[in-house]
Amino acid sequence: MDSLFAPWRMQWVNRERPDDEDDSGCPFCALVEQGDDRASNIVARSEYTFVLLNNMPYNPGHVMVLPYAHTGEFHTLDGRVLVDCMKTTQLVVTALNESLSPGGFNVGFNIGAAGGASITDHLHLHIIPRWESDTSFLPLTANTAVVEEAVDETYERLSDALLETAQVSAAEGNDSVRIDHG
Ligand SMILES: [Zn+2]
């Protein structure tokens, strides 16, 4: 492993990566607004953040927690958003522990292009389950069908595990599960 937080080569990032700072070209904002969380791989939503599966995961269970706010500037995030982000991260780590039993995690933001962010203008916190023996779950050249199958399974497992906690309520229709930090 060359870098803990290498730029993630997500298929849709490569396809839709915006050249400008306009949020209308932001793939994260587009997924939030799409209205079909299952298709968007959005596992959960809280008041200020949402949980998105990485569709080209480094490891099984690789998810991201993102503010709805379209910004790449960490220092501008409102305190309520920061608290929500970390509480949501805590819930997801707990749920991943239950569902995948990893040996550990990497949790963190890549900020700016030099920091390894693949999308620089919308902050996203990576949560990557780790196992002692892992090197690379799927190489970047992995068969797309295999990746999609793994992501689908992770979606179900993580949703089910989140629903075991008191702060999370069930999804309706095409929604994702709802997190209420109270
Ligand atoms: Zn955005």
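As shown above, the structure is provided for reference.
Residues numbered from 1 in each chain as written. Predicted model: local features only at pLDDT ≥ 70, side-chain atom pairs only at ≥ 80, totals over all residues. Heavy atoms only, no water.

Caption draft 1: Main features of the nonpolar core. The biggest cluster of nonpolar side chains holds 23 residues, and the ones touching the most others in it are V63, I127, L158 and L162. Among the secondary structure elements, those contributing two or more residues to this core are strand 1 (42-45), strand 2 (49-53), strand 3 (63-67), helix 4 (79-100), strand 5 (125-130), helix 5 (144-162) and strand 7 (177-179). Top element by residues in this core is helix 4. It accounts for seven residues. Dropping the residues within four chain positions of it, L162 is found in contact with V43, A44, L91, V92, A95, V168 and V177. F28, C29, L31 and I119 belong to the second largest nonpolar core, which has eleven residues in total. (Core = buried A, V, L, I, M, F, W, Y, C linked by side-chain atoms within 4.5 Å. Buried < 20%, exposed > 50% of the residue type's maximum accessible area, 1.4 Å probe, protein only. Helix = DSSP H or I, 4+ residues; strand = E, 2+ residues; numbered from the N terminus. Contact = heavy atoms within 4.5 Å.)

Caption draft 2: Up close: the packing of aromatic side chains. According to the stated counting rule, one finds two aromatic pairs in the structure shown. Ring centres of F50 and Y68 lie 5.6 Å apart, and the angle between their planes is 15°; this geometry places the pair in the stacked category. One end of the pair, F50, is in strand 2; the other, Y68, is in the loop between strand 3 and helix 4, and 18 residues separate them in sequence. Assessed through its relative accessible area of 0%, F50 is described here as buried. (Phe/Tyr/Trp six-rings, centres within 6.5 Å; stacked < 30°, edge-to-face > 60°.)

Caption draft 3: Local environment of the coordination of the zinc ion. Only C26 (SG), C29 (SG), H70 (ND1) and H122 (ND1) from the protein reach the zinc ion as donors, at distances of 2.0 to 2.3 Å. Each of the four donor atoms around the zinc ion contributes to a set of angles spanning 106 to 115°, which defines the coordination as tetrahedral. Each donor residue of the zinc ion lies on one chain, and together they are spaced C-x2-C-x40-H-x51-H. Of this pair, C26 sits in the loop between helix 1 (11-16) and helix 2 (27-33) while H122 sits in the loop between strand 4 (104-109) and strand 5, and the two are 96 residues apart along the sequence. C26 sits in the buried class, given a relative accessible area of 1%. (Donors = N, O, S within 2.8 Å, 3.2 Å for Na, K, Ca; no water. Tetrahedral: all angles 85-135°; square planar, octahedral: opposite > 155°, others 65-115°.)

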